[in-house]
Amino acid sequence: MTGRLAAVIGSPIAHSLSPAIHRAAFDAAGIDWSYVAFDVADGEASSALSAMRTLGIAGLSVTMPHKAAVAELVDRLDPAARALQSVNTVSWDGDDLVGSSTDGAGFVASLADAGVSVAGARVAIIGAGGAARSLVVALAQAGSDDITVLNRSPDKAEQAAALVPVASPGVISDLDRADIVVNATSVGMGDDDGSPCEPERLHDGQVVADLVYHPLETRWLRAAAERGCRTVDGLGMLVHQAALQQRIWLGDDAVIDTVAMRTAAESALATRN
Ligand code: NDP
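A brief structural summary. (Residues numbered from 1 in each chain as written. Predicted model: local features only at pLDDT ≥ 70, side-chain atom pairs only at ≥ 80, totals over all residues. Heavy atoms only, no water.)

1. Observations concerning the pattern of salt bridges
Moving on, step 1. Per the stated rule, a full pass over the model turns up 11 salt bridges.
Moving on, step 2. For Asp75, the salt bridge is made with Arg53, and the minimal N-O distance between the two is 2.9 Å. Here Asp75, found in the loop between helix H3 (67-73) and strand E4 (76-77), pairs with Arg53, found in helix H2 (residues 45-55); they are 22 residues apart in sequence, far enough to count as distant.
Moving on, step 3. Classification of Asp75 as partly exposed rests on a relative accessible area of 40%.
Moving on, step 4. Two residues, Glu266 and Arg262, come together in a salt bridge whose shortest N-O distance is 2.9 Å. In this pair, Glu266 and Arg262 are both assigned in helix H10 (residues 258-272), four residues apart and thus about one turn of the helix distant.
Moving on, step 5. Accessibility expressed as a relative area gives 34% for Glu266, which makes it partly exposed. (Salt bridge = Lys/Arg side-chain N within 4 Å of Asp/Glu carboxyl O. Helix = DSSP H or I, 4+ residues; strand = E, 2+ residues; numbered from the N terminus. Buried < 20%, exposed > 50% of the residue type's maximum accessible area, 1.4 Å probe, protein only.)

Dropping the structure here:
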C-alpha cells in the first residue's frame, strides 16, 4: 500500500457501503489514499483507536456499535458529537484524536442537494434513535425552528427533543402541519414493507425524506410521491455524511465529488440486491 490509509470500524461491517463511497471520492480526486473496513467487536473500540495511533491511520469512520464508546475515547469532540455523545468520524489535530459527528449535517446537506432549505422549516421526525437524534441537533443548527419528534417509545422522543430548545415531542397529527417529514426509524428497511406512518397522513407540498436506503425507494417514499410530495431518499445522507468526513480528513480545499460517491454507492447497492 502507498499513500495514506483511512478505515471504517463497526460490527457487522461486511455490508458497509463506506469503502465503495470513500474509494470513489479518493479516485475522483486523484488522491493516493486507501480505505478499508475492519470488523471490530463490541467493546473493542479502545483497541481500534490504539491501532489508529500505532499504525498512523489518517482517518476513521465509526459505525455501530462503537459510536458512543469512541466519544469517550477521543481527546476532543466537535460540538455535534459533544451534544450527541456519539462519534462517526475520527481525525487528527496534531497528536490529538478529534471525534466528530457528520450524520445530521449530512442529512441537511442531502436536503440542500435536493434544493430543500431547512431554515425556518417545520420538521417532523419519526423515530428517536441515534439517527433521529443527529437530525435534531443538525436541523436546529441549520435554522429549523420547529422540530417535532414522534416515536413508538415516547420517553425516547422526549429525550431526543430535549437536545435542542426548538424541538418538542409530538403526536401523529403534528405531521399535518410539517413542511418536512422524515422517517428516521428502521421501518421499511430490507424485506420490511411497513410504513412509519399512514401515507394518507402526507400531503401535496410536503417534503418527505426516508433515511432508509435499502431499498432506495421504500414503499412509504413511493406512496408519498404518489400523493404529490417531494421525496428525498436515504442515500443522499449516507453520501453527504461521508463527504463531510472527507472534508475533515483532507481539509477545506479538497475537491469532493459527491456524484461519483453516489454512483459508487448505487452500484454497491445493486450488487446487494
Ligand atoms: P436505532 O436503533 O438507534 O433507532 C431505531 C428507531 O426506529 C427507534 O426510534 C425505534 O423506536 C424505531 N423503530 C424500530 N422499529 C420500529 C417499528 N417496527 N415501529 C416503529 N418504530 C420502530 O437506529 P438508528 O437511529 O441508528 O437508525 C434508524 C434508521 O436510519 C435505520 O434504518 C438506519 O439504517 C437509518 N440510517 C440511515 C443513515 C443514512 O445515512 N441514510 C444513517 C443512519 C441511520 P423505539 O425507540 O420505540 O425502539
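Back to the write-up after that little detour.
2. Notes on the site of the ligand
Moving on, step 1. By nearness alone, 20 residues border the ligand, and Ala131, Asn151, Arg152, Ser153 and Gly234 come closest of all.
Moving on, step 2. Contact distances for the ligand include 2.7 Å between an oxygen atom and a side-chain N or O atom of Asn151.
Moving on, step 3. Relative to its unbound accessible area of 920 Å², the ligand is 71% covered by the protein chains.
Moving on, step 4. The cavity that encloses the ligand is the largest pocket.
Moving on, step 5. Among the secondary structure elements, those contributing two or more residues to the shell around the ligand are helix H6 (130-141) and helix H9 (235-250).
Moving on, step 6. Of the residues contributing to the shell around the ligand, the split by class is 10 nonpolar, eight polar and two charged. (Near = heavy atom within 4 Å. Polar contact = N/O pair within 3.5 Å; in protein donor to acceptor, adjacent residues only side chain to side chain. Areas by Shrake-Rupley, 256 points an atom, 1.4 Å probe, with all protein chains shown as cover. 1 Å grid on protein atoms, 1.4 Å probe; cavity = no way out; pocket = protein on both sides within 12 Å on 5 of 7 lines; lining within 4 Å. Sits in = over half its atoms within 2 Å of the grid points. Nonpolar A, V, L, I, M, F, W, Y, C, P; charged D, E, K, R; others polar.)

3. A short note on the packing of aromatic side chains
Moving on, step 1. Within the structure shown, the criterion is met by two aromatic pairs.
Moving on, step 2. Considering the side-chain rings of Phe26 and Trp33, the 5.3 Å spacing of their centres and the 35 degrees angle between planes classify their relative orientation as tilted. For the pair shown, Phe26 and Trp33 are each scored as buried.
Moving on, step 3. An angle of 40 degrees between the planes, with centres 6.4 Å apart, marks the rings of Tyr35 and Trp249 as tilted. Placement of the pair is Tyr35 in strand E2 (residues 33-39) and Trp249 in helix H9, with a sequence separation of 214 residues. Summarising the burial analysis for this pair, Tyr35 and Trp249 share the class buried. (Phe/Tyr/Trp six-rings, centres within 6.5 Å; stacked < 30°, edge-to-face > 60°.)

4. A look at the sheet that holds strand E1 (residues 4-10)
Moving on, step 1. Spatially, the six strands line up as an open sheet ordered E2-E1-E3-E5-E6-E4, and their pairing is mixed. Since the sheet does not close on itself, it has two edges, and those belong to E2 and E4, each with one partner.
Moving on, step 2. Running over the sheet, helix H1 (residues 18-29) touches E1, E2 and strand E3 (59-62) and is turned about 170 degrees from E2.
Moving on, step 3. With respect to the sheet, H9 is in contact with E1, E2, E3, strand E5 (89-93) and strand E6 (96-100), its orientation differing from that of E5 by roughly 15 degrees. (Pairing = 2+ DSSP bridges. Contact = heavy atoms within 4.5 Å. Axes fitted to C-alpha atoms, helices over the stretch in contact; angles between N-to-C directions.)

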